[in-house]
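Residues per chain are reported as follows:
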Amino acid sequence: MSTKKDDIPTTLPLLRDRIDALDSQIQRLINERAMCAEKVAEVKMAEQGVQSAVFYRPEREAQVLRRVMERNEGPLGNEEMAKIFRQIMSSCLALEKPMRIAFLGPVGTFTQQAALKHFGNSIVSAPMAAIDEVFREVESGAANYGVVPVENSTEGVVNHTLDSFRGSRLKICGEVEVRIHHNLLVAPNVNPDDVTHIYSHQQSLAQCRAWLDRYWPHAERVAVSSNAEGARLAEEAGKNGKAVAAIAGDIASELYSLSVVSANIEDHPDNTTRFLIIGNEKIPPSGKDKTSLLVSAKNEPGALYRLLESFERHGVDMTRLETRPSLISKWGYVFYIDFVGHCEDAQCRSVIEELRERASEVKVLGSYPVAVL
Ligand SMILES: C=C(O[C@@H]1C=C(C(=O)O)C=C[C@H]1O)C(=O)O
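Reading the values: the criteria
Throughout this description, residue numbers start from 1 for each chain and increase along the sequence as written. Since the coordinates come from a predicted model, pLDDT governs what is reported: local features require at least 70, and pairs of side-chain atoms require 80 or more to be given and counted, while whole-chain, interface and lining totals use all residues. For side-chain calculations, the full set of non-hydrogen atoms in the structure is used, while hydrogens and water are omitted. UniProt positions are given in the numbering used here, feature names are shortened, and annotations may be inferred rather than shown by experiment. Axis definition: a line fitted to C-alpha atoms, over the contacting stretch in the case of helices. Angles run 0 to 180 degrees between N-to-C directions. Helix and strand labels come from DSSP, where a helix needs a run of H or I of at least four residues and a strand needs a run of E of at least two; each type is numbered from the N terminus. Between 65 and 115 degrees an angle is taken as roughly perpendicular, under 35 as roughly parallel, over 145 as roughly antiparallel, and anywhere else as oblique. Crossings are classed by handedness, with left-handed meaning an anticlockwise turn of the near helix from the far one by less than a right angle and right-handed meaning a clockwise turn. Any two residues whose heavy atoms approach within 4.5 Å at even a single point are treated as in contact. In the scheme used here, Gly and all other residues not listed as nonpolar or charged are polar, with Ala, Val, Leu, Ile, Met, Phe, Trp, Tyr, Cys and Pro taken as nonpolar and Asp, Glu, Lys and Arg as charged. Aromatic contacts are taken between Phe, Tyr and Trp rings whose centres are within 6.5 Å, Trp giving its six-membered ring; a plane angle under 30 degrees counts as stacked, one over 60 as edge-to-face, and the others as tilted. Partly exposed describes any residue whose relative accessible area lies between the buried limit of under 20% and the exposed limit of over 50%, with all areas from a 1.4 Å probe on protein chains only and scaled to the type maximum. The patch calculation keeps residues exceeding 30% relative accessible area without a salt bridge and links them within 9 Å when they carry like charges or within 5 Å when they are nonpolar (Val, Leu, Ile, Met, Phe, Trp, Tyr). Here the Shrake-Rupley method, with its probe set to 1.4 Å, supplies the accessible areas, and only the displayed protein chains count as covering residues. When a carboxyl oxygen of Asp or Glu is within 4 Å of a side-chain nitrogen of Lys or Arg, the pair counts as a salt bridge. Here, two cysteine sulfur atoms that lie within 2.5 Å of each other are counted as a disulfide. Think of a 1 Å grid over the protein atoms and nothing else: a 1.4 Å probe that fits but is trapped marks a cavity, an open set flanked by protein within 12 Å on at least five of seven lines marks a pocket, and residues with an atom within 4 Å of a point count as lining. Grid points are joined across faces, edges and corners, and a volume is the space filled by probe spheres set on the points.

Per an unreviewed UniProt entry, the protein goes by the name Bifunctional chorismate mutase/prephenate dehydratase and belongs to Rhodanobacter aciditrophus. Its UniProt record gives the protein a comment under Function (unreviewed entry), which states: "Catalyzes the Claisen rearrangement of chorismate to prephenate and the decarboxylation/dehydration of prephenate to phenylpyruvate." Taken directly from UniProt, the Subcellular location (unreviewed entry) text for the protein runs: "Cytoplasm".

Caption draft 1: View of the packing of helix α11 (residues 303-313) against helix α12 (residues 346-358). Where α11 meets α12, the closest approach of the two axes is 10 Å, and the angle between their N-to-C directions is 165°. The angle between α11 and α12 falls in the class roughly antiparallel. Where α11 crosses over α12, the two elements pack in a sense that is right-handed. On α12, the residues that touch Arg 306, Leu 307, Glu 309, Ser 310, Phe 311 and Arg 313 of α11 are Val 351, Glu 354, Leu 355 and Arg 358. Class assignment for the residues of the contact of α11 with α12 results in four nonpolar, one polar and five charged.

Caption draft 2: Fine view of the packing of aromatic side chains. Applying the stated rule across the entire model yields six aromatic pairs. Plain terms: the ring middles of Tyr 56 and Phe 119 are 5.1 Å apart, the flat faces sit at 45° to each other, and that makes the pair tilted. Here Tyr 56, found in the loop between α1 (12-48) and α2 (58-71), pairs with Phe 119, found in helix α4 (residues 110-119); they are 63 residues apart in sequence, far enough to count as distant. With respect to class, Tyr 56 is no different from Phe 119; both count as buried.

Caption draft 3: Representation of a nonpolar patch on the surface. Residues Leu 22, Ile 26 and Ile 30 make up a contiguous nonpolar surface patch of roughly 230 Å² in combined accessible area. The residue Leu 22 is located in helix α1 in this model.

Caption draft 4: Highlighting the state of the cysteines. Under the criterion given, the structure shown has zero disulfides. Not part of a disulfide, Cys 92 finds its nearest cysteine sulfur in Cys 36, a span of 8.7 Å.

Caption draft 5: Structural context of empty space enclosed by the protein. Summed over the entire model, instances satisfying the criterion amount to two cavities of 30 Å³ or more. What the largest cavity holds in volume is close to 170 Å³. Lining the largest cavity are 17 residues, with Leu 65, Arg 86, His 118, Glu 175 and Val 372 sitting closest to its centre. When contributions to the lining of the largest cavity are tallied by element, the ones reaching two or more residues are α2, α4 and β5 (171-179). Residue composition of the lining of the largest cavity, by class: eleven nonpolar, two polar and four charged. Space inside the second largest cavity adds up to approximately 60 Å³. Listed by contribution, the elements that provide at least two residues to the lining of the second largest cavity are β11 (272-279), β12 (289-296), β14 (333-340) and β15 (361-369).

Rendered as structure tokens:
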């Protein structure tokens, strides 16, 4: 039942009394919810076995968040409300079992931001030095799930991530998008006018290319392993009296106590990166899903046409097609295909069956809920 505006008190003491009363109700209800989650864990262990119980259920979490947004009447916005529930679920899941999440580190990267956006704050963070280490950490069971970048709206695909799926049995079990804002940063004792070198990840340097050409044409751009690493190097350089700048996001600038020379320097204001969540389980349908495939085409005329034709005939909406060298035969290719729907849906099953007849190999990388937040 929603509260009418007229029921809200109008004086400060009464308003604060009302807020205190509401807070204690909310707190009691959140704990009641947490008790249910604890019970869910017991049921899962009884039904699936203590060792093999699956605690994190992304399809269920997506459904909960979608319902929160659908029923929301304001004044808080849908996203704001969903973010609050995102964190409540994160705390509840941590009571069931704390999730260890491997991501492309170091601490302070946009990938960490993506991990927190997707799982909430109640996770154990495991920053890794490289994308294939994230894969290995999840494959070995040392981490429950991993987070890796897959494409950027300005710079395109992250090849390393796509290539890592080839030899891996991991499944994609979610996606998350993060708006990427870059800043030019220096250590507080550095005069920006003296800057001779600018450190960042190659993707970030590319996302700010036009801005750098215009305002910093003479500074040398140095590609390093991540923009957080660039920020760390800029902090260290500052201590040694060297005039080095970094390009990185807000988390990294705070983490390494750098000053912002210029904010939001990315060439495209809607610069966004999409990340994938990787894990060991297949995810059941959530009602609004996407599927990713890896398809090796036969090396013959019309091969790609015959793959695409199947999607068109079954009315399945393809959202992405990437081509990568096959690495097996010279001038052979593999295709990464994303489409709307779950691999258990009737039309999607038909498409996948046909692709299996028409291609030399089809690997379902995963079906997973479309990002909610
Ligand atoms: C409570 C459950 O376990 C986890 C916690 C959830 C929650 O807090 O709503 C939802 C899905 C799972 O990630 C469940 O499976 O229902």
